[in-house]
Amino acid sequence: MNSVWCRSIFMTLFLFLVASISFAASVAAADYYIDVTNGSDTNNGTTNGTAWKTLSKVNGTTFAPGDTIYFKRGQTWSGRLWPKGSGTNVAPIKVDTYGSGNMPIINGNGQESAVYLYNQEYWEIRNLEITNDNGTSSRRMGIYVVNQDAGTMDHIYIIGNNVHDVYGDNVKDASGSSGIKVRTIAGSVDSNFNDVRIDGNTVGPRVDRTGIDVNSDYWCRPDSGCTGEYNWYPSTNVVIENNYVSDVGGDGIVPMATQGAIVQYNTVNGFNMRSGTVNAGIWAWNADHTIIQNNEAFNGNTTLDGQGFDIDYAQTGTIVQYNYSHDNDGGFILICQPGGAKNDGGVVRYNISQNDGTRVFQLAGPTTNTMVYNNTIYSPPGSTTYPIYVNSWDGYTKSVSFYNNIWYLAGAGSWQGLSNIQALNFKYNIIFGVHTSGEPADPNKMTSNPGLAYPGSGVNRTSVEGYKLLQNSPASGTGMVINNNGGRDYWGNLVSASNAPNRGAYNGTGVAVSTAIHVQNITMGLQTAQGQTRATATVLIVDGNGNPVANVTVNGQWSGKTSDSDSGVTGSDGKVTLQSNQVQNKNSSGTYTLTINNVTHGTLTYESSANTENSDSITK
């Protein structure tokens, strides 16, 4: 009884202590307001009516746990934001916004970074617009967080910011320019980060050289080919998600020197645009057990790598799954290592590649135990892309397995270098369409049409219904059971641990062949040029499975400010833009309305009753 009573008293005291600490933190916390127009640095800053004015005032203040620094929307500050202090695990310090209008702008104007934290933890940077361009290229960041000799720094959250026009140089090294960089600099104390979240940011356009990266000088270990003193101290609990990265000079998103990082639900549109060196869309380096999933990477520029994704060297157990790669000059994915380093146990599964160039899969160097299964690949007519390209980097691939994949090759180059792989397992794959030299043997190969619903019709990561299987597809239920298969396919359908799966990225039941089409969406716009205005309407046509449909003639009638008709034919994305007649600007105010008159296709039937909208309007 006494021991129970003692435990009860101890627990009560413990909870009281925790509550007291939390209460004390909340009491001590303060809100600070920054208003460049109406503020004054002689104010106390603690209300929007007594706001501070300058970055200098903020930078000269050491903030306490739980404080929040609010910048007024619709205003701009020039220079570097570097507030001081650290929060705690129950009371982080936050930077955020107040008021209405556009995000507040921090223009670094050529500083090393526009927003900076040094040896500070428990910070959250939210909802700022950040630029850093003075017309001259140099090493430069948008948001830059540094740990040097501070041990483990916790809780760095960078959320909902808009980082663009960071005119950095394109030198590729750990200290190179980035839109958002979280970096550990080597010193006398082994250091790293824990609990890093980079979420919901827009990075680009015109950011050089990397969009988002987490890296460290503590990188030396045998896996990276380093023969010096072991000093790999990876950052942990790193999550990079929901970001949109575009028009970056070099790499898109790169976690380096991390353990168990998660990179998910990001879009990288346009990478390797200006650097002139090797870069990829989303990849990791010197990082173990990274999960790269549910991302989209496209418009990779040049074949200096140029792949949407990459499992690079100094990695164990990287998983690349549920991603959509398309229209990248360099291909879908690179799997590589030099001799003397390590790349072991990588997994590439349930991904879709459409219209990727040069080489879909590139295997470079003596990598080991890579598993590539249940991916769906589409190469369009006229393509000369290598389905698999194997080359030496101090040796060739030691062991790799390809199972249950679908290659839908309307066009293709040859299969290059597979005979150089020491141990190649190639089973239960479908290769349909063009058959070229070097195609590997497969005791369970199919070459018949896999019955994809609408190959080549992918639009974005969530609009790839054309890669589902039709009813009676030969790929349904004919695959090979894979151990530890992840449990679900690209669309979230369950994948059994014991029953034969489908081949390809889709493991659901076959979908019905759709013979009907309808209007899915109408997007209105206005164009003004040479003193005249016209309205535009972009019409999306899809089939019953939601796939965009090409070669559909759309007729529409304009009313309101104009009374005329227009027609056009949809492209491969299922879209066509109709235009009204032009109106002189002085008479152009009013409403423009487009109504769909008719939709026709050579073999498919138009079901107007299924239209999500039959007309739309825009007012000038």
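Just so it is clear, the model here is predicted, and its values are computed rather than measured.

Draft legend 1. Local environment of the overall build of the chain. For the chain, the count of helices and strands is two helices and 50 strands. For 620 residues, the compact-globule formula gives about 25 Å, and the C-alpha radius of gyration of the chain, at 28 Å, lands near that figure. When its C-alpha atoms are laid out on the principal axes, the chain stretches across 75 × 75 × 65 Å. Counting only residues that meet the buried cut, the chain has 54% of its 620 residues in that class. A separation threshold of at least 6 residues defines the contact pool for the chain, and within that pool the share at least 24 residues apart is 73%. Summed over its atoms, the accessible surface of the chain is roughly 23700 Å², and 48% of this surface lies on carbon and sulfur atoms. Taken together, the 34 basic and 47 acidic charged side chains of the chain have centroids lying 3 Å from each other.

Draft legend 2. Region of interest: the nonpolar core. Judged by nonpolar contacts, the single largest core of 73 residues is most densely connected at Phe 71, Phe 361, Ile 388 and Trp 407. In contact with Phe 71, not counting residues within four places along its chain, are Ile 34, Leu 55, Val 58, Trp 77, Leu 81, Val 95, Asp 96, Thr 97, Tyr 98, Pro 104, Ile 106 and Leu 128. In terms of nonpolar packing, the next biggest core, distinct from the first, is built from 22 residues, Ile 517, Ala 535, Leu 604 and Tyr 606 among them.

Draft legend 3. The arrangement of the pairing of strand 45 (residues 564-569) in detail. Both strand 44 (residues 553-560) and strand 45 contribute to a ladder of six bridges, which runs antiparallel. If you follow Val 554 over to strand 45, its bridge partner there is Gly 568. Between strand 44 and strand 45, which follow one another and run antiparallel, lie three residues.

Draft legend 4. The arrangement of the state of the cysteines in detail. Under the definition given, this model contains one disulfide. Note on cysteine connectivity: Cys 220 is disulfide-linked to Cys 226, with sulfurs 1.8 Å apart. The sign of the S-S torsion, about -85°, decides the handedness of the disulfide formed by Cys 220 and Cys 226: left-handed. The buried category is assigned to Cys 220, whose relative accessible area is 6%. Judged by relative accessible area, Cys 226 falls into the buried class, the value being 17%. The structure places no disulfide on Cys 336, whose sulfur is separated from the nearest cysteine sulfur, that of Cys 226, by 18 Å.

Draft legend 5. Here's a closer look at the confidence of the model for the chain. Summing up the model confidence of the chain, the mean pLDDT is 94 and the portion of residues at 70 or higher is 96%. Confidence over residues 1-6 falls short of pLDDT 50; this stretch has zero contacts with residues more than four positions distant or in other chains. Note that pLDDT drops below 50 for residues 21-26; the model gives that stretch three contacts with residues more than four away or on any other chain.

Draft legend 6. Representation of the pattern of salt bridges within the structure. According to the stated counting rule, one finds 17 salt bridges in the structure shown. Ionic pairing is found between Arg 126 and Glu 124, a salt bridge with its closest N-O pair at 2.9 Å. On the basis of relative accessible area, Arg 126 is assigned to the partly exposed category, the value being 22%. Linking Asp 217 and Arg 183 is a salt bridge whose minimum nitrogen-to-oxygen distance equals 3.0 Å. With Asp 217 in the loop between strand 16 (210-216) and strand 17 (235-241) and Arg 183 in strand 12 (residues 178-185), the pair connects residues that are 34 residues apart, well separated along the chain. For Arg 183, a relative accessible area of 6% puts it in the buried group. Where salt bridges share partners, they join Arg 80, Glu 112 and Arg 139 into one cluster.

Draft legend 7. Main features of the packing of aromatic side chains. Under the defined criterion, the tally for this structure stands at 29 aromatic pairs. Aromatic side chains Phe 361 and Phe 402 sit 5.5 Å apart centroid to centroid with 85° between the ring planes, which places their arrangement in the edge-to-face category. Here the residue Phe 361 occupies a position in strand 34 (residues 359-364), and Phe 402 occupies one in strand 38 (residues 399-403), the gap between them amounting to 41 residues. Phe 402 carries the same exposure label as Phe 361, and that label is buried.

Draft legend 8. Representation of the sheet that holds strand 48 (residues 591-600) within the structure. Ordered by their spatial adjacency, four strands build an open sheet running 45-44-48-50, and the pairing between neighbours is antiparallel. If you trace the sheet from one side to the other, it starts and ends with strand 45 and strand 50 (615-619), each paired once. Neighbour-to-neighbour, the strand axes of the sheet open up by a mean angle of 25°, direction not taken into account.

Draft legend 9. Just the environment of Ile 541, in detail. In this structure, Ile 541 sits in strand 43 (residues 532-543). Take Ile 541: its relative accessible area is 0%, and that puts it in the buried class. Along the sequence, Ile 541 and Val 400 sit 141 residues apart, while their C-alpha atoms lie 41 Å from each other. Residues contacting Ile 541, with those up to four places away along its chain left out, are Ile 517, His 518, Val 519, Asn 547, Pro 548, Val 549, Val 552, Val 554, Thr 570, Gly 574 and Val 599.

Draft legend 10. The arrangement of unusual backbone geometry in detail. Following Gly 204, the chain continues to Pro 205 via a peptide bond in cis, the omega torsion being 5°. In this model, Asp 208 is joined to Arg 209 through a cis peptide bond whose omega is 5°. Of note, Asn 127 is a non-glycine position whose phi angle comes to about 65°, a positive value. Within the secondary structure, Asn 127 is located in the loop between strand 7 (123-126) and strand 8 (129-132). The phi dihedral of Thr 358 is positive, around 65°, even though this residue is not glycine. Along the chain, the position of Thr 358 falls in the loop between strand 33 (352-354) and strand 34. Among the residues examined, Thr 358 registers a relative accessible area of 28% and is labelled partly exposed.

Draft legend 11. Focus on the side chain of Ser 457. Its location among the elements puts Ser 457 in the loop between strand 41 (430-433) and strand 42 (516-529). Overall, Ser 457 belongs to the buried group, its relative accessible area being 2%. Within the structure, Ser 457 has its side chain in polar contact with the backbone oxygen of Tyr 454 (distance 2.6 Å). In this structure, Ser 457 is in contact with Gln 354, Ser 463, Gly 466, Tyr 467, Asn 547 and Pro 548, ignoring residues within four places of it in sequence.

Draft legend 12. How the structure looks around the side chain of Asn 391. Here Asn 391 is to be found in strand 37 (residues 386-391). A polar atom in the side chain of Asn 391 sits 2.9 Å from the side chain of Gln 362.

Draft legend 13. Fine view of the pairing of strand 35 (residues 370-373). In this structure, strand 32 (residues 347-349) lies alongside strand 35, joined through three bridges in parallel fashion. Across the sheet, Val 348 pairs through a bridge with Val 372, a residue of strand 35. In this sheet, strand 38 lies alongside strand 35 in parallel orientation, the contact comprising four bridges. Within the sheet, the bridge partner assigned to Thr 370 lies in strand 38 and is Val 400.

Rules used in this analysis
Residues numbered from 1 in each chain as written. Predicted model: local features only at pLDDT ≥ 70, side-chain atom pairs only at ≥ 80, totals over all residues. Heavy atoms only, no water. Helix = DSSP H or I, 4+ residues; strand = E, 2+ residues; numbered from the N terminus. Rg over C-alpha atoms; globule rule 2.2 N^0.38 Å. Buried < 20%, exposed > 50% of the residue type's maximum accessible area, 1.4 Å probe, protein only. Contact = heavy atoms within 4.5 Å. Areas by Shrake-Rupley, 256 points an atom, 1.4 Å probe, with all protein chains shown as cover. Lys, Arg positive; Asp, Glu negative; His and termini not counted. Charge placed at Lys NZ, Arg CZ, Asp CG, Glu CD. Core = buried A, V, L, I, M, F, W, Y, C linked by side-chain atoms within 4.5 Å. Pairing = 2+ DSSP bridges. Disulfide = S-S within 2.5 Å. pLDDT = per-residue confidence, 0-100. Salt bridge = Lys/Arg side-chain N within 4 Å of Asp/Glu carboxyl O. Phe/Tyr/Trp six-rings, centres within 6.5 Å; stacked < 30°, edge-to-face > 60°. Axes fitted to C-alpha atoms, helices over the stretch in contact; angles between N-to-C directions. Polar contact = N/O pair within 3.5 Å; in protein donor to acceptor, adjacent residues only side chain to side chain.

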